[in-house]
Amino acid sequence: MQNICREMRRIILKASYNSNESTHIGGALSIVEILAVIYNEYIFVKNSNNKNRFILSKGHGFLALASVLNIFKKISDKELSTYQKNGSQLIAHPIANMRMGIESSNGSLGQGLSFAIGIAIANKKSKKKNKVFVLIGDGECYEGAIWEAAITATEQKLDNLILFVDSNGHQNDGKINKIMNTNNLYKKWKGFGWNCININGHNPDEINSAIIKTKRDMPTVIISKTIKGKGVKFMENNNDWHHGMLSKKLLDQALDGLN
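Described in the following lines is the structure provided in the data block.

Reading the values: the criteria
- Residues numbered from 1 in each chain as written.
- Predicted model: local features only at pLDDT ≥ 70, side-chain atom pairs only at ≥ 80, totals over all residues.
- Heavy atoms only, no water.
- Pairing = 2+ DSSP bridges.
- Helix = DSSP H or I, 4+ residues; strand = E, 2+ residues; numbered from the N terminus.
- Axes fitted to C-alpha atoms, helices over the stretch in contact; angles between N-to-C directions.
- Contact = heavy atoms within 4.5 Å.
- Salt bridge = Lys/Arg side-chain N within 4 Å of Asp/Glu carboxyl O.
- Expected span 1.5 Å × (residues − 1).
- Buried < 20%, exposed > 50% of the residue type's maximum accessible area, 1.4 Å probe, protein only.
- Parallel < 35°, antiparallel > 145°, perpendicular 65-115°, else oblique.
- Left-handed = near helix turned anticlockwise from the far one by under 90°.
- Nonpolar A, V, L, I, M, F, W, Y, C, P; charged D, E, K, R; others polar.
- Polar contact = N/O pair within 3.5 Å; in protein donor to acceptor, adjacent residues only side chain to side chain.

**Concerning the sheet that holds strand β7 (residues 220–225)**
Turning to step 1, where the next piece is worked out: An order of β1-β2-β3-β7-β6 is seen for the 5 strands of this open sheet, with the pairing classed as parallel. Across the chains shown, the open sheet's two edge strands, defined by having one partner strand only, are β1 (53–56) and β6 (195–200). Between one strand axis and the next, the sheet turns by 20° as a mean value, whatever way the strands run.
Turning to step 2, where the next piece is worked out: Bridge count between strand β3 (residues 161–167) and β7: 6 bridges; the pairing is parallel. In the sheet register, Asp 166 faces β7, and the bridge partner there is Ser 224.
Turning to step 3, where the next piece is worked out: In this fold helix α3 (residues 32–43) packs onto β1, β2 (132–137), β3 and β7, with an angle of close to 160° to the strand it touches most, β1.

Spelled out as structure tokens, the structure:
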């Protein structure tokens, strides 16, 4: 798992640099371990016919999704080399492409949870036992649509729905809580009737353990404490890298520091 995460970070950094554009880097690096566990253990499982689904609601974390799909050969190296170039299918946010393994388009925050809930309801009605994973950001919890969806998931008893909150403490305009207090996300989700779990979002064992702690007739939310820019010292907890452009010198420095 450590090797997968290191490789995902390498891919994120190189794709960002090769785009010759300013890209969303910090928020992609913070969700690497979460996506690595979901895809390695629950999506691309060898000798399994599972049809578990993953929806990236935090669309600006797309480089992390592209990196894990590249590792599992759903997105080729050639396709990834076109990231954010004219005519490419791979832009700053995900565009639905089932061949590439991209389940949904997402750019406007707050929409992916509702989309995932729709899939979870359909699976319930069809008596399918598949899990639906979805990832949102802590800044995304400012969106009213998130809480409308949260109520629906509770009322529909969606125990096949597993939500990750990437709680890295930052959003585009600065630190979380600068405007509204979202410090205690656990209590907020608990108040909406969800099965709530707090974890270190960079610990694969904690991530995997949380996934299997679902409860009957309740949706599960896994509030994952993460570090924005994780793995690159000069990016960690530095919101300047929410959206930034790498020089060759900074790329080399970032790659050399990966552990």
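**Structural notes on the pattern of salt bridges**
Turning to step 1, where the next piece is worked out: Evaluation of the coordinates by the stated rule reveals 7 salt bridges.
Turning to step 2, where the next piece is worked out: Where Glu 7 meets Arg 10, a salt bridge forms, and the shortest distance between an N and an O atom there is 2.6 Å. In this pair, Glu 7 and Arg 10 both sit in helix α1 (residues 2–18), 3 residues apart, roughly one turn of the helix.
Turning to step 3, where the next piece is worked out: Notably, a salt bridge pairs Glu 79 with Arg 99, separated by 2.6 Å at the nearest N-O pair. With Glu 79 in helix α5 (residues 77–80) and Arg 99 in the loop between α5 and α6 (112–125), the pair connects residues that are 20 residues apart, well separated along the chain.

**As for α6**
Turning to step 1, where the next piece is worked out: Taking 1.5 Å as the rise per residue, α6 with 14 residues should run 20 Å; its terminal C-alpha atoms sit 20 Å apart, in good agreement.
Turning to step 2, where the next piece is worked out: Along α6, the residues that are buried comprise Gly 112, Leu 113, Ala 116, Ile 117, Ile 119, Ala 120, Ile 121 and Asn 123.
Turning to step 3, where the next piece is worked out: Looking at the buried residues of α6, the elements they touch are β1, β2, α7 (144–155), β3 and α8 (185–191).
Turning to step 4, where the next piece is worked out: Following α6 by one or two positions, Lys 127 has its phi on the positive side, about 60°.

**Observations regarding unusual backbone geometry**
Turning to step 1, where the next piece is worked out: The residue Lys 157 is not glycine, and still its phi comes out positive at about 55°.
Turning to step 2, where the next piece is worked out: Position of Lys 157 among the secondary structure elements: in the loop between α7 and β3.
Turning to step 3, where the next piece is worked out: Owing to a relative accessible area of 44%, Lys 157 belongs among the partly exposed residues under this scheme.
Turning to step 4, where the next piece is worked out: Residue Asn 237 is not a glycine yet carries a positive backbone phi of 55°.
Turning to step 5, where the next piece is worked out: Structurally, the position occupied by Asn 237 is in the loop between β7 and α10 (248–257).
Turning to step 6, where the next piece is worked out: A relative accessible area of 46% means that Asn 237 is categorised as partly exposed.

**As for the packing of α1 against α3**
Turning to step 1, where the next piece is worked out: Here α1 crosses α3 at 120°, and the two axes come no closer than 10 Å. By the angle between their axes, α1 is oblique relative to α3. You can see that α1 and α3 cross each other, and the crossing is right-handed. Along the contact surface, α1 presents Ile 4, Cys 5, Met 8, Arg 9 and Ile 12, while α3 presents Val 32, Glu 33, Leu 35, Ala 36 and Asn 40.
Turning to step 2, where the next piece is worked out: The residue inventory of the contact of α1 with α3, partitioned by class, reads 7 nonpolar, 1 polar and 2 charged.

**A short note on the environment of His 202**
Turning to step 1, where the next piece is worked out: Structurally, His 202 can be placed in the loop between β6 and α9 (204–211).
Turning to step 2, where the next piece is worked out: Remark: the alpha-carbon pair of His 202 and Lys 46, spanning 156 residues in sequence, is separated by 24 Å.
Turning to step 3, where the next piece is worked out: When neighbours within four sequence positions are excluded, His 202 is seen to be in contact with Arg 9, Leu 29, Ser 30, Glu 33, Lys 225, Thr 226, Ile 227 and Lys 230.
Turning to step 4, where the next piece is worked out: Separated by 2.9 Å, the side chain of His 202 and the backbone nitrogen of Ile 227 make a polar contact.

Read these as layout, nothing more, since geometry by itself doesn't imply function.
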